[in-house]
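# Residue-level structural notes
If you want the building blocks of each chain, they are given just below.
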Amino acid sequence: MQQLLSSPEIQSAVLPFAVALLIYLGLRKLTETAWLWALCAAFLLSAGLINGTTFTPLTGTRKIILLVAASFAIAALLPAVLQGRNRQRVALALICLSALSWVFWTVASRMQPGAITLLALGCAALVACLALSFERIAGNTAKLHGAGLGLLLGTGLSATAAASALLGQLGLALAAASGGAFLGWVLVGGAHGSNQGRHTISTLPYVLAPASLGVAAVMFASLPWYALIPLAAIPLAVSLVPLKADSRFLRALLASLPALAIAIAVALWVWQTSGSDSGY
Amino acid sequence: MKKYVLIAALAALPVKSVLAADYTVDSSHTYVSFAVSHLGFSTMRGQFDQQTGSMQFDPAAKKASVMIEIESASIDTGHDKRDSHLRSPDFLNAAEYPTISFESTDVSWNGEQPATVTGNLTLLGVSQPVTLTITAMKCGTNPINKKETCGFDATGSIKRTDFGMNYGVPGIGEVVDLSIEFEATRN
């Protein structure tokens, strides 16, 4: 059993997918935020297996784990106390930028002022691009999860291809969890589509997780920064897909295809440019 | 009067026989290397190309201490992609922990020769005691630059999981053999 649980495929694919699917199916009638809790539980389980339960020393990667886990709870609970799209936009931007500052300040503090400015502007542009794109599709379940699945898969695969299995596994675990909840919606439907549309803050995990993992892969693991540009364009690309079909399956498929295509293309490109021979 | 004569005599003694001499590690003659099992098939070797350090050394008084700082990002295993991976959070996390340091806390002696050096190795922000065995040592005047020089070869081993470096265990060996050969010139 221990050997099974230490396998990367189980930790960051099979387990988060199955857990998210089961929890979504179990909670969907109880709460419209079932998908957030499903992803949160699946991610915590995977992160616990990948990282262990030790958080000292508090590295950037461990901070990302804590922040992503917290983002699910914030996204589920904050809409109850923070109404209004503009307020939620401000809250989302502040949360994301504060989170990224916390994660990367240790490294940024040793950089030249010019490099810190570039990093800050890059992070702000990435968060703005993802937040605005996800807000456009927040009311459409197929597009929201199609884009989230593709973006997280692309981030995870690219981080792995660049240099870090740890960051890659976290991204892939989130992608698998997203896929599990998405499949649950395809199978039985759920209320989290249009009802969540008015809640900008509910897209927080889909903004914060790929932004923090993507920037970490650039700063800690040699991912070329420009690989984040096509990845950040995934939700925008998905938002442009016309979805007329009645079938949930078809809508999910049509929304996911461009996202997955971009994600896989970026990962293959990173794999080629960083050298395909891993040295192991 | 006798007291003043004694003080004057002590003051006239060469300083090096009373105080441990200060040395600076000569980076161009210092090699910090490691060896680790590669999936049980063979031993993979690598080294760090950038390091600095200092040493106090007085064999007559059997006093010595050493401090070495290694730049984590300077890891070199002769394979660029593998080196990038070794710098990532999976292994050395070089962006967040740019230095690996060793600071001695105790030296055991075999006559006037140091036999072992025990100290704290700080890696990934975690400090653990490590003992290095001195396998060779020579002090004298370098015939080329005429500087007083001491050279040491030392070996030891660590369990990398003790420092939170868990990736790839057990395929990529948990025990890492260390080898440090360094020269230091007297300031």
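Treat the numbers as computed from the prediction; the structure is a model and nothing was measured.

Scoring rules and cut-offs
- Residues numbered from 1 in each chain as written.
- Chains lettered and ligands numbered in written order.
- Predicted model: local features only at pLDDT ≥ 70, side-chain atom pairs only at ≥ 80, totals over all residues.
- Heavy atoms only, no water.
- Contact = heavy atoms within 4.5 Å.
- Buried area = accessible area lost by both parts, 1.4 Å probe.
- Polar contact = N/O pair within 3.5 Å; in protein donor to acceptor, adjacent residues only side chain to side chain.
- Helix = DSSP H or I, 4+ residues; strand = E, 2+ residues; numbered from the N terminus.
- Nonpolar A, V, L, I, M, F, W, Y, C, P; charged D, E, K, R; others polar.
- Axes fitted to C-alpha atoms, helices over the stretch in contact; angles between N-to-C directions.
- Parallel < 35°, antiparallel > 145°, perpendicular 65-115°, else oblique.
- Left-handed = near helix turned anticlockwise from the far one by under 90°.
- Pairing = 2+ DSSP bridges.
- Patch = residues over 30% accessible without salt bridge, like charges linked within 9 Å, V, L, I, M, F, W, Y side chains within 5 Å.
- Areas by Shrake-Rupley, 256 points an atom, 1.4 Å probe, with all protein chains shown as cover.
- Salt bridge = Lys/Arg side-chain N within 4 Å of Asp/Glu carboxyl O.
- pLDDT = per-residue confidence, 0-100.
- Phe/Tyr/Trp six-rings, centres within 6.5 Å; stacked < 30°, edge-to-face > 60°.
- Buried < 20%, exposed > 50% of the residue type's maximum accessible area, 1.4 Å probe, protein only.

Interfaces are often described in size by the accessible area the parts lose on coming together. With 21 residues of chain B at the contact, the number on the chain A side is 24 residues. It is Lys81(B), Pro89(B) and Glu96(B) in chain B that bury the most area against chain A; as a group they hold 36% of the surface buried on that side. Summed over the shared surface of chain B and chain A, the number is 10 residue pairs in polar contact (both at pLDDT 80 or more). Of all the elements, helix H2 (residues 80–87) of chain B adds the most residues to the side of chain B that touches chain A, at 6 residues. Looking at the side of chain B that touches chain A, its residues break down into 10 nonpolar, 6 polar and 5 charged.

Residue and element names in this part refer to chain A. It is the contact of helix H8 (residues 165–188) with helix H10 (residues 204–221), at a shortest axis distance of 10 Å, that shows an interaxial angle of 160°. As summarised for this structure, H8 and H10 are arranged roughly antiparallel, according to the angle between their axes. Relative to H10, H8 is oriented so that their crossing is left-handed. Residues Leu167, Leu170, Gly171, Leu174 and Ser178 of H8 pack against Tyr206, Ala209, Leu213, Ala216, Ala217 and Ala221 of H10. Its residues assigned to classes, the contact of H8 with H10 comprises 9 nonpolar, 2 polar and no charged.

On to the pairing of strand S10 (residues 175–186) of chain B, then. Bridge count for strand S1 (residues 21–38) of chain B against S10(B) is 9 bridges, and the pairing is antiparallel. Looking at the pairing, Tyr23(B) lines up with Arg186(B) of S10(B).

Where nonpolar side chains cluster on the molecular surface, the patch consists of Phe249(A), Leu250(A), Leu253(A), Leu254(A) and Leu257(A) and spans about 440 Å² of accessible area. Tracing the backbone shows Leu250(A) in helix H13 (residues 248–273).

All names here are of chain B. Put simply, chain B has an average pLDDT of 90, and 90% of its residues get 70 or more. Considering each helix and strand of chain B separately, the mean pLDDT is smallest for helix H1 (residues 2–12), with a value of 52, and largest for strand S5 (residues 75–76), with 97. Predicted confidence is poor over residues 10–18, with pLDDT under 50, and the contacts of this stretch with residues over four places away or in other chains come to 5 contacts. Here the complex is predicted with pTM 0.90, and the ipTM for its interfaces comes to 0.88.

Residues and elements named next belong to chain A. It is the contact of helix H7 (residues 141–162) with H8, at a shortest axis distance of 7 Å, that shows an interaxial angle of 160°. As far as their axial angle goes, H8 and H7 are roughly antiparallel. As H7 runs across H8, the sense of the crossing is left-handed. Side by side, H7 and H8 meet where Thr141, Ala142, His145, Gly146, Gly148, Leu149, Leu152, Leu153, Gly156, Leu157, Ala159 and Thr160 of the first sit next to Leu167, Gly168, Gln169, Gly171, Leu172, Leu174, Ala175, Ser178, Gly179, Phe182 and Trp185 of the second. Class assignment of the residues belonging to the contact of H7 with H8 gives a composition of 12 nonpolar, 11 polar and no charged.

Turning next to the packing of aromatic side chains. Residue and element names in this part refer to chain A. Counting across every chain of the model gives 12 aromatic pairs over all chains. Both rings, one in tyrosine 226 and one in tryptophan 269, keep their centres 5.5 Å apart while their planes meet at 45°; by these two values the pair is tilted. Taken together, the residues span a long stretch of sequence, with tyrosine 226 in the loop between H10 and helix H11 (228–232) and tryptophan 269 in helix H13 at a distance of 43 residues. We classify tyrosine 226 as partly exposed; its relative accessible area is 41%. On the basis of relative accessible area, tryptophan 269 is assigned to the partly exposed category, the value being 36%.

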